[in-house]
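In case you want the letters, here they are:
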Amino acid sequence: MLPAGNWRLKNKRHYNLKPRFAQSFKSLCSLLFPRLCGGCNRQLNLGEQTICTHCLYDLPYTDHHQHPDNIVARLFWGNLPVHSAMAMLYFRTGSKTQQLIHSLKYKGQQDIGIQLGKMMAAQFKKTDWHTGVDLIIPIPLHRNKLRKRGYNQSACIARGLADMLSLDLNTDFLIRHSATESQTTKTRYKRYQDLQNTFSVNHPGLLEERHVLLIDDVVTTGATLIAGATKLHQAGVKRISIAAAACAF
Ligand SMILES: [Zn+2]
């Protein structure tokens, strides 16, 4: 029993139990429910979020944010006046990028999308890539697909990005009217034709004179992005930039 005058010491001991208890509780939780890396499935260490440190260093970064004339930007040359365009990672079959995108889209791991958005934001901050952008819009899913999946994977990426850059995010302005069928057997021009009537814009007056950053998960042919961005241009958007978590070419 401590004497009454030692109440500070007594309180200090009591106070110090809290972080110790929290740490033990975290350790117990990680034993019972191990958090796994979205890229390699290894158990995450305390302090690691969603993607382990090894994967963060090992991912195939494109560095597009440092090169304005990159391969994603070239997709839009002659199709659409785009201010800046980039993808953060290369997407290859069997790669960690594929694992991350697969878990994001099909395993309910929305936190992977948010983390990818935060990683893109960190790149943008280094080069001021996002200067002038005042609104972030993700490529929407058709409402049936959204209901089935429960979330839009591109909106998860956009959320991580918007939080880190303190920018507005809107998921209602750009609407998708029809679920896209398998595109793999169609030519690029046919896909573009089919996608033209897929999107529409709500409240076009609110988009006039804005610089919109349009977000997608993976760029393949660019046809979806061109169709969505075209509708935004027709609605009066002044400037469009495009960013994706990965590019598949
Ligand atoms: Zn990993």
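Predicted model, so just to flag it, every value in this text is computed and none were measured. (Residues numbered from 1 in each chain as written. Predicted model: local features only at pLDDT ≥ 70, side-chain atom pairs only at ≥ 80, totals over all residues. Heavy atoms only, no water.)

Caption draft 1: Layout of the sheet that holds strand E1 (residues 84-90). Ordered in space as E1-E6-E5-E2, the four strands form an open sheet in which the pairing is parallel. Strands at the two margins of the open sheet, each flanked by one partner only, are E1 and strand E2 (135-138). With strand direction ignored, the average angle separating the axes of adjacent strands in the sheet is 20°. Where E1 and strand E6 (residues 239-247) come together, six bridges link them in parallel fashion. Each residue of the ladder has a partner; that of alanine 85, found in E6, is isoleucine 242. Along the sheet, helix H5 (residues 110-127) makes contact with E1, strand E5 (211-219) and E6, crossing E1 at roughly 125°. Along the sheet, helix H7 (residues 153-165) makes contact with E2, E5 and E6, crossing E5 at roughly 130°. (Pairing = 2+ DSSP bridges. Helix = DSSP H or I, 4+ residues; strand = E, 2+ residues; numbered from the N terminus. Axes fitted to C-alpha atoms, helices over the stretch in contact; angles between N-to-C directions. Contact = heavy atoms within 4.5 Å.)

Caption draft 2: The arrangement of the nonpolar core in detail. Membership of the largest hydrophobic core comes to 36 residues, with the highest contact counts inside it found for Leu116, Phe124, Leu161 and Leu213. Of all the elements in the fold, those that place two or more residues in this core are E1, helix H4 (96-106), H5, H7, E5 and E6. Formed by 31 residues, the second largest nonpolar core is a distinct cluster that contains Ile139, Leu174, Val219 and Leu232. (Core = buried A, V, L, I, M, F, W, Y, C linked by side-chain atoms within 4.5 Å. Buried < 20%, exposed > 50% of the residue type's maximum accessible area, 1.4 Å probe, protein only.)

Caption draft 3: Highlighting H4. Taken together, the buried positions of H4 are Lys96, Thr97, Leu100, Ile101, Ser103 and Leu104. All buried residues of H4 fall inside an arc of 160° around its axis, so they share one side. Lining the buried residues of H4 we find helix H2 (53-58), E1, H5, H7, E5 and E6. In the stretch just after H4, glycine 108 is the one whose phi turns positive, near 70°. (Arc of directions from axis to C-beta.)

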